Amino acid sequence: PWADDYGDILHFLSVFLESENPQDKIRSLFLSQGPHYTAFSRIIYHLYYTVFDKINFKDILVIGNLGVLFIYIFYLIHLRHHRSKHFVYLFIALMLFQPLAWSCIFWPMAAMAHCYVLLFSFLAILFLAKGSLSGALVAGIFALMATFTFGNGIIVFAVFFIYFLKEKKFADWV
């Protein structure tokens, strides 16, 4: 563990487990860790602790970095009909699986926050681009998940705003 790992993982679990009523447990999920709101990560930490009765930071790193693999898989699915897909797949792989993201490789809190905020943001934009009301609702759920995975996930709502202005769809759905 290093830096934010202590507060976001260990301190959260001690507060969560010592809380006596459900309101305090829910409140502990949404408390900020510095400038970060990491409710999704904290749910994963709690589930891991419930299943294994301990926290293994190496396993949390693996779970966190699976987010990058999930992003790549969703890109593969989404771009399967693209005519120059092999070049695009290689380019995306080189962008996602690069050593410059070293903090996600060695820092459990960063891996959980950064990888999954990207995943949920990507899914939110993907579903919003479907252009349907049901797609927009699912996109809203993913945007909320991005926001509570890492506070900067709130930027997805700015993308929504720009999309609604450009497409003028919001008036049709209301």
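Everything below is about the structure shown above.
Each chain carries its own residue numbering, running from 1 in the written order of its sequence. Reporting in this predicted model follows two pLDDT cut-offs: at least 70 for local features of residues, and 80 or more for side-chain atom pairs to be given and counted; totals over whole chains, interfaces and linings ignore these cut-offs and use all residues. The side-chain figures draw on all heavy atoms in the structure; neither hydrogens nor water molecules are used.

Notes on unusual backbone geometry
Here comes step 1: Not every positive phi belongs to a glycine, and Asp-53 is a case in point at roughly 60°.
Here comes step 2: Taking the relative accessible area as the measure of exposure, Asp-53 reaches 58% and is therefore exposed. Each residue is placed in one exposure class: buried if its accessible area under a 1.4 Å probe, protein chains only, is under 20% of its type's maximum, exposed if it is over 50%, and partly exposed if it falls in between.

Comments concerning the side chain of Ser-121
Here comes step 1: Along the chain, Ser-121 falls in helix α7 (residues 108-128).
Here comes step 2: We call two residues in contact whenever any of their non-hydrogen atoms come within 4.5 Å of each other. When sequence neighbours within four positions are dropped, the list of residues in contact with Ser-121 reads Ala-146 and Val-156. In this description a helix means any DSSP run of H or I spanning at least four residues, a strand means any run of E spanning at least two, and both kinds are numbered starting from the N terminus.

Some words on the packing of helix α4 (residues 57-78) against helix α5 (residues 85-96)
Helix packing for two helices is described by the angle between their axes and how far apart those axes are.
Here comes step 1: Interaxial distance between α4 and α5 falls to 11 Å at its minimum, and their mutual angle equals 165°. The orientation of α4 with respect to α5, classified from their angle, is roughly antiparallel. Judged by the twist between their axes, the crossing of α4 over α5 is right-handed. The segment α4 lies against α5, with Val-68, Ile-71, Tyr-72, Tyr-75 and Leu-76 engaging Tyr-89, Ile-92, Ala-93 and Leu-96.
Here comes step 2: Each residue is assigned to one class: nonpolar for Ala, Val, Leu, Ile, Met, Phe, Trp, Tyr, Cys and Pro, charged for Asp, Glu, Lys and Arg, and polar for all the others, Gly among them. Of the residues contributing to the contact of α4 with α5, the split by class is 9 nonpolar, no polar and no charged. With axes taken as lines fitted to C-alpha atoms, and helix axes fitted only over the stretch in contact, angles between N-to-C directions fall between 0 and 180 degrees. Any angle that is under 35 degrees is reported as roughly parallel, and any over 145 degrees as roughly antiparallel; angles of 65 to 115 degrees are reported as roughly perpendicular and all others as oblique. A clockwise turn of the near helix away from the far one marks a right-handed crossing, whereas an anticlockwise turn of less than a right angle marks a left-handed crossing.

Let's talk about a nonpolar patch on the surface
Here comes step 1: A patch consists of residues whose relative accessible area exceeds 30% and which take part in no salt bridge; residues with like charges are grouped when within 9 Å of each other, and nonpolar side chains (Val, Leu, Ile, Met, Phe, Trp, Tyr) when within 5 Å. Shrake-Rupley sampling with a 1.4 Å probe provides the accessible areas, and residues are treated as covered by the protein chains on show and by no other component. Within this document, salt bridges are pairs made up of a side-chain nitrogen of Lys or Arg and a carboxyl oxygen of Asp or Glu, the two lying within 4 Å of each other. On the surface, a nonpolar cluster with roughly 740 Å² of combined accessible area is contributed by Ile-26, Phe-30, Tyr-37, Leu-144, Phe-148, Ile-154, Ile-155 and Phe-157.
Here comes step 2: Mapped onto the nonpolar patch, the elements with two or more residues apiece are α2 (22-30) and α9 (155-167).

Let's talk about the packing of aromatic side chains
Here comes step 1: Side-chain rings of Phe, Tyr and Trp, where Trp is taken by its six-membered ring, are said to pair if the distance between their centres is within 6.5 Å; with planes under 30 degrees apart they count as stacked, over 60 as edge-to-face, and otherwise as tilted. What the rule picks out here adds up to 13 aromatic pairs.
Here comes step 2: Judged by centre distance (4.6 Å) and plane angle (45°), the rings of Tyr-48 and Phe-52 are tilted. Taken together, the residues Tyr-48 and Phe-52, both in helix α3 (residues 39-52) and 4 residues apart, mark about one turn of the helix.
Here comes step 3: Owing to a relative accessible area of 47%, Phe-52 belongs among the partly exposed residues under this scheme.
Here comes step 4: Through successive ring pairs, a cluster of aromatic residues spans Phe-40, Tyr-116, Phe-120, Phe-127 and Phe-142.
Here comes step 5: Looking at Lys-25, its charged tip hangs above the ring of Phe-16, at a distance of 4.6 Å from the centre.
Here comes step 6: The criterion is that NZ of a Lys, or CZ of an Arg, lies within 6 Å of the ring centre and within 35 degrees of the ring normal, and then a charge sits over that ring. In this structure, Lys-130 packs its charged tip against the face of Phe-127, placed 5.7 Å from the ring centre.

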